[in-house]
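Summary of the model geometry
Next come the chains, spelled out residue by residue.
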Amino acid sequence: MIIRDALDKIKGALLSVPRELFVGVIVVLVGTASFGLGRLSSQEIARTPVRILYPEGEGTEVASGGRGVATAAAAAALKPSGAVVASSKGTKYHFSWCPGAKSISEKNKISFESAALAESAGYTLAANCK
């Protein structure tokens, strides 16, 4: 009964507040929230982009937009060039870092030097390898 009494007191207090004051408080709260969200979004835009520099003078630099999305040049630079693996019982190939590559048993695993060689052997890229 204590909770019901407390709820009744809260309802009574809210009903006794003049409607104009209640609307005014809501307007102030919405305005404050809007201002704060605007400030947050301007800080997000002003951030400097992420840059990845590769060592040993490879000359490859990958820059992303301010929101963490890599550009097309960055995606091409990050594409793996190492060996790919496939299952002798399947039709898909995986890069060595893909989760699907780890699930292929060693006795069924076939390795290729490149994705082009795997594709020329009739394999296609697995959907979970981007």
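Residues numbered from 1 in each chain as written. Predicted model: local features only at pLDDT ≥ 70, side-chain atom pairs only at ≥ 80, totals over all residues. Heavy atoms only, no water.

**So, the overall build of the protein**
- Scanning the protein for helices and strands turns up five helices and six strands.
- Put simply, the protein runs from its N terminus to its C terminus through helices and strands in the order α-α-β-β-α-β-β-α-β-α-β.
- Sorting the 130 residues of the protein into buried and exposed places 15% on the buried side.
- Considering only residue pairs separated by 6 or more positions, the protein has 44% of its internal contacts joining residues 24 or more positions apart.
- Per element, the accessible surface of the protein, about 10,200 Å² overall, is 64% carbon and sulfur. (Helix = DSSP H or I, 4+ residues; strand = E, 2+ residues; numbered from the N terminus. Buried < 20%, exposed > 50% of the residue type's maximum accessible area, 1.4 Å probe, protein only. Contact = heavy atoms within 4.5 Å. Areas by Shrake-Rupley, 256 points an atom, 1.4 Å probe, with all protein chains shown as cover.)

**A closer look at the packing of aromatic side chains**
- For the structure shown, the criterion picks out three aromatic pairs.
- Relative to W97, the ring of F95 lies with its centre 5.7 Å away and its plane at 10°, an arrangement referred to as stacked.
- Residue class for W97 comes out partly exposed when judged on its relative accessible area of 43%.
- Linked through ring pairs, Y93, F95 and W97 together constitute an aromatic cluster. (Phe/Tyr/Trp six-rings, centres within 6.5 Å; stacked < 30°, edge-to-face > 60°.)

**Looking at the sheet that holds strand β6 (residues 124–125)**
- The four strands lie next to each other as β5-β3-β4-β6, forming an open sheet whose pairing is mixed. The open sheet has two free edges, formed respectively by β5 (109–112) and β6, since each of these has just one partner strand.
- The pairing of strand β4 (residues 92–95) with β6 spans two bridges and is classified as parallel. If you follow K92 over to β6, its bridge partner there is T124. (Pairing = 2+ DSSP bridges.)

**Brief notes about the environment of T124**
- Positionally, T124 belongs in strand β6.
- Owing to a relative accessible area of 39%, T124 belongs among the partly exposed residues under this scheme.
- Sequence separation of T124 and A86 is 38 residues, and the distance between their C-alpha atoms is 9.4 Å.
- Contact partners of T124, with chain neighbours within four places excluded, come to T91, K92 and Y93.

**Observations concerning the nonpolar core**
- In terms of nonpolar packing, the biggest core is built from ten residues, these being V84, A86, Y93, F95, C98, F112, A118, Y123, A126 and C129.
- Those elements giving two or more residues to this core turn out to be β3 (84–87) and β4.
- Those residues in contact with A126, other than ones at most four positions away along the chain, are K92, Y93 and H94. (Core = buried A, V, L, I, M, F, W, Y, C linked by side-chain atoms within 4.5 Å.)

**A few points about the environment of I104**
- Tracing the chain through its elements places I104 in the loop between α4 (99–102) and β5.
- The spatial distance from the C-alpha of I104 to the C-alpha of V85 is 8.7 Å, given a sequence separation of 19 residues.
- Leaving out residues up to four positions away in the same chain, I104 has contacts with V85, A86, S87, H94 and K109.

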